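# Chains, contacts and geometry: an overview
Take a look at the letters that make up each chain.
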Amino acid sequence: MDKISLNIEGIKNFVTNDEINSLIEIAEKSNLQLHDKTGTGNDFLGWVNLPFEIDKEELEDIKKTAAELSQTLDIMVVIGIGGSYLGAKAVIEALSNNFSSYANLSKEKLTVLYAGHNISEDYLFEIIDFLNDKNWGITVISKSGTTTEPAITFRMLKNELDKKYGKKSASNRIIAITDKEKGALRELAAKENYKTYNIADDIGGRFSVLTAVGLFPIALAGFDVDALIEGAKYYCKETKSEIKSDKNIAITYAIARNILYQKGYIIEVMANYNPKLHYFAEWWKQLFGESEGKDGKGIFPASVDFTTDLHSMGQYLQDGKRIIFETVISIENPSRTLAVPYDKGNLDGLNYLSGRRVHEINEMSEIGTMFAHIDGGVPNIKINLPEINEYYLGQLIYFFEKACGISAYMLGVNPFNQPGVENYKNNMFALLGKKGFEEETKKIKKRIGR
Ligand code: PA5
């Protein structure tokens with residue numbers, strides 16, 4: 001089987017080999033710390049060997065339940081936020097037809113919709129309205145079981161489901177994925193008799209795509225979770241601590257981004273040339289942003305869809321402040337074949353392209369952009385994917401998780417906490433008058449003059 005690969009030649013105009021080599025020791029040590037559990041946040045390392053440790057019985061149950069539900073339901077609403085939905089959405093969008101959600105092309109398949117990742121009244125109203133005459137169910141995912149956005153959304157959608165099907169039948173349409181003991185969702189699930197899957201204590205949200213959190217929605221959407229896990233196993237093996245820097249692409253990527261960061265490139269833009277990867281970049285941004293952005297440090301992860309965004313962000317990338325480097329996900333083979341037709345009149349002057357594949361034109365835009373950006377001062381890292389399928393996505397997921405752990409340790413931060421996420425929540429609770437926030441309520445009301 002082929003594999004994804006990494007090419008850092010495009011950073012060599014910006015950093016010397018000596019600078020790169022100077023980080024090898026700390027990178028290898030950081031990888032070792034993930035394996036021997038001597039780094040910070042070491043009680044959240046359950047993802048490191050996970051591809052080889054997935055509970056076979058649970059996996060079979062996930063596949064069986066997903067297959068049964070996709071026979072009986074047309075729509076499953078996956079309720080979750082951050083790490084509790086982005087991994088599943090990244091994989092499902094990458095593997096789906098671009099238009100299936102508009103044209104309902106996949107009538108034979110269950111459609112996955114998402115909610116609980118915002119508090120927009122319009123979004124909630126419209127999804128409730130849309131579901132009104134549909135045959136649907138809910139998968140609610142929250143490790144803590146107390147996150148406000150999914151909790152409110154679950155209350156509202158469950159209410160609709162109860163009204164439509166009656167409480168008992170509604171309960172059979174609800175799956176809860178949460179902590180095995182703690183949290184409001186666990187209590188509710190036990191009381192209402194929902195089918196449940198557990199999230200392991202030692203796996204945080206953004207590292208949880210290879211648990212039921214990601215696997216169940218991906219299986220529901222009809223995709224091959226075994227192949228995804230096989231892919232993850234490949235880079236789980238190939239990035240182990242005994243695989244040294246020259247052979248270990250997770251280490252190479254972590255070194256490349258850290259040396260660029262040290263030289264003032266503080267923004268990493270992930271670029272794709274296939275819009276199916278749009279949500280993959282959203283998952284990647286959360287993985288790196290929430291893991292590294294702390295203690296006043298961290299590379300800011302951003303993303304663009306090319307060539308679309310060459311006509312909006314292209315100018316800045318080419319010519320703006322030189323603090324950006326680019327990581328391009330390049331797809332060698334698209335799943336479809338389409339060529340430019342010949343036109344007798346040739347009024348658009350495009351006959352020089354007739355008979356050539358759209359992919360070839362896309363590829364030339366990719367190579368042309370890479371050189372233009374390098375020449376303009378944007379270091380380039382390239383990740384090649386032979387094609388978009390479950391196996392290579394599994395490889396990519398594990399590769400990025402591993403690289404993220406290594407990179408964050410190199411930076412000197414704990415990759416597995418997210419203390420900054422609490423601040424907005426505390427203010428929101430104080431403003432809404434939640435019990436226990438009385439002092440904060442007084443202070444913040446004064447600040448807004450109420
Ligand atoms: O990566 C993380 O830990 C977070 O993004 C969480 O996944 C997110 O905040 C949702 O948390 P929970 O699953 O507890 O509702």
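Heads up: these notes are all about the structure in this document. Quick caveat: nothing in here was measured; it's all calculated off a predicted structure. (Residues numbered from 1 in each chain as written. Predicted model: local features only at pLDDT ≥ 70, side-chain atom pairs only at ≥ 80, totals over all residues. Heavy atoms only, no water.)

For the pair helix α4 (residues 56-72) and helix α11 (residues 212-220), interaxial distance at closest approach is 8 Å and the crossing angle is 35°. Note that α4 runs across α11; the crossing there is right-handed. Judged by residue contacts, Glu58, Leu59, Ile62, Thr65, Ala66, Leu69 and Ser70 of α4 engage Ala212, Leu215, Phe216, Ala219 and Leu220 from α11. Classifying every residue of the contact of α4 with α11 by side-chain character gives nine nonpolar, two polar and one charged. (Axes fitted to C-alpha atoms, helices over the stretch in contact; angles between N-to-C directions. Helix = DSSP H or I, 4+ residues; strand = E, 2+ residues; numbered from the N terminus. Left-handed = near helix turned anticlockwise from the far one by under 90°. Contact = heavy atoms within 4.5 Å. Nonpolar A, V, L, I, M, F, W, Y, C, P; charged D, E, K, R; others polar.)

This next bit is on the sheet that holds strand β10 (residues 380-385). Two orientations exist for strands paired in a sheet by backbone hydrogen bonds: parallel and antiparallel. Reading across from one edge, β1-β10-β9-β7-β8 is the order of the five strands in this open sheet, with mixed pairing throughout. Edge positions in the sheet fall to β1 (5-7) and β8 (300-305), since each has one partner strand and no second. Each adjacent strand pair in this sheet contributes to an overall mean axis angle of 20°, direction not counted. One ladder, built from six bridges, connects strand β7 (residues 267-272) with strand β9 (residues 324-331); its direction is parallel. Bridge pairing in β9 links Ala271 to Val328. Contacts from helix α14 (residues 278-292) reach β7 and β8, with the element oriented near 175° to β8. Helix α16 (residues 358-376) rests against β9 and β10 of the sheet, and its axis sits at about 160° to β9. (Pairing = 2+ DSSP bridges.)

Around the ligand sit 13 residues in total, of which Ser84, Ser142, Ser144, Thr147 and Gln286 are the nearest. The separation between an oxygen atom of the ligand and a polar side-chain atom of Thr147 is 2.5 Å. Within the complex, 88% of the 380 Å² of free accessible area of the ligand lies under protein. Partitioned by chemical class, the residues of the shell around the ligand number one nonpolar, nine polar and three charged. (Near = heavy atom within 4 Å. Polar contact = N/O pair within 3.5 Å; in protein donor to acceptor, adjacent residues only side chain to side chain. Areas by Shrake-Rupley, 256 points an atom, 1.4 Å probe, with all protein chains shown as cover.)

On to a negative patch on the surface. The grouping of Glu121, Asp122, Glu126 and Asp129 at the surface amounts to a negative patch. With respect to the element layout, Asp129 can be found in helix α7 (residues 121-131). (Patch = residues over 30% accessible without salt bridge, like charges linked within 9 Å, V, L, I, M, F, W, Y side chains within 5 Å. Salt bridge = Lys/Arg side-chain N within 4 Å of Asp/Glu carboxyl O. Lys, Arg positive; Asp, Glu negative; His and termini not counted. Charge placed at Lys NZ, Arg CZ, Asp CG, Glu CD.)

So, about the pattern of salt bridges. Any two side chains of opposite charge can pair, given that their charged atoms come close. Inspection of every chain in the model, using the stated rule, returns 24 salt bridges. Across the pair Glu60 and Lys63 runs a salt bridge, and its minimum N-O distance is 3.2 Å. On the criterion of helical spacing, the pair formed by Glu60 and Lys63 is a turn pair, its members being three residues apart in helix α4. Taking the shortest distance from any N to any O, the salt bridge between Lys158 and Asp162 comes out at 3.6 Å. With Lys158 and Asp162 both in helix α8 (residues 148-165), this residue pair falls four residues apart, about one helical turn.

With that settled, consider helix α5 (residues 86-95). Most of α5 sits inside the fold, with nine of its 10 residues counted as buried. Of all the positions in α5, only Leu86, Gly87, Ala88, Lys89, Ala90, Val91, Ile92, Ala94 and Leu95 are classed as buried. Against β3 (111-115), α11, α12 (225-238), α14 and α17 (390-411) lie the buried residues of α5. (Buried < 20%, exposed > 50% of the residue type's maximum accessible area, 1.4 Å probe, protein only.)

Tallying each qualifying case throughout the model produces 23 aromatic pairs. Chaining the aromatic ring pairs together yields one cluster made of Tyr234, Tyr235, Tyr253, Phe280, Trp283, Trp284, Phe288, Phe399 and Phe400. When the ring centre of Tyr279 is taken as origin, the NZ or CZ atom of Lys89, which lies over that ring, is 4.2 Å away. A cation over an aromatic ring shows up here: Arg173 above the ring of Tyr165, its NZ or CZ 3.6 Å from the ring centre. (Phe/Tyr/Trp six-rings, centres within 6.5 Å; stacked < 30°, edge-to-face > 60°. Lys NZ or Arg CZ within 6 Å of the ring centre and 35° of its normal.)

A word on a nonpolar patch on the surface. A cluster of nonpolar residues, Ile119, Ile152 and Met156, forms a patch on the protein surface that exposes about 240 Å² of accessible area. Along the chain, Met156 falls in helix α8.

Take the sheet that holds β3 next. Pairing in this open sheet of five strands is parallel, and the strands run β3-β2-β4-β5-β6 from one edge to the other. Only two strands of the sheet have a single neighbouring strand rather than two, namely β3 and β6 (195-199). With direction set aside, neighbouring strand axes in the sheet form an average angle of 20°. Bridging between strand β5 (residues 174-179) and β6 involves five bridges; their strand directions are parallel. By the bridge assignment for β6, Thr178 is matched with Asn198. This element, helix α10 (residues 184-192), spans β4 (136-142), β5 and β6 of the sheet and lies at about 140° to β5.

On to the pairing of β10, then. Burial runs high along β10: six of the six residues are buried. In β10, alternate side chains face the same way, and those of Asn380, Lys382 and Asn384 on one face and Ile381, Ile383 and Leu385 on the other are all buried. Pairing between β1 and β10: three bridges, direction antiparallel. From the neighbouring strand, Leu6 faces β10, where its bridge partner is Ile383. Bridge count between β9 and β10: six bridges; the pairing is parallel. Bridged to Ile329 within β10 is Ile383. Following the chain from β9 across α16 to the adjacent parallel β10, one finds a crossover that is right-handed. (Right-handed = clockwise from strand over helix to strand, strands pointing away.)

Here the focus is the nonpolar core. Ranked by internal contacts, the top residues of the largest apolar core, which has 99 residues, are Trp283, Phe399 and Phe400. Among the elements that line this core, the one with the most residues is α17, at 13 residues. If we skip the residues at most four places from it in the chain, Phe400 touches Tyr253, Met270, Phe280, Trp283, Trp284, Leu287, Phe288, Ile329 and Ile383. Grouped together as the second largest cluster of nonpolar side chains are 20 residues, Ile79, Phe154, Leu157 and Leu161 included. (Core = buried A, V, L, I, M, F, W, Y, C linked by side-chain atoms within 4.5 Å.)

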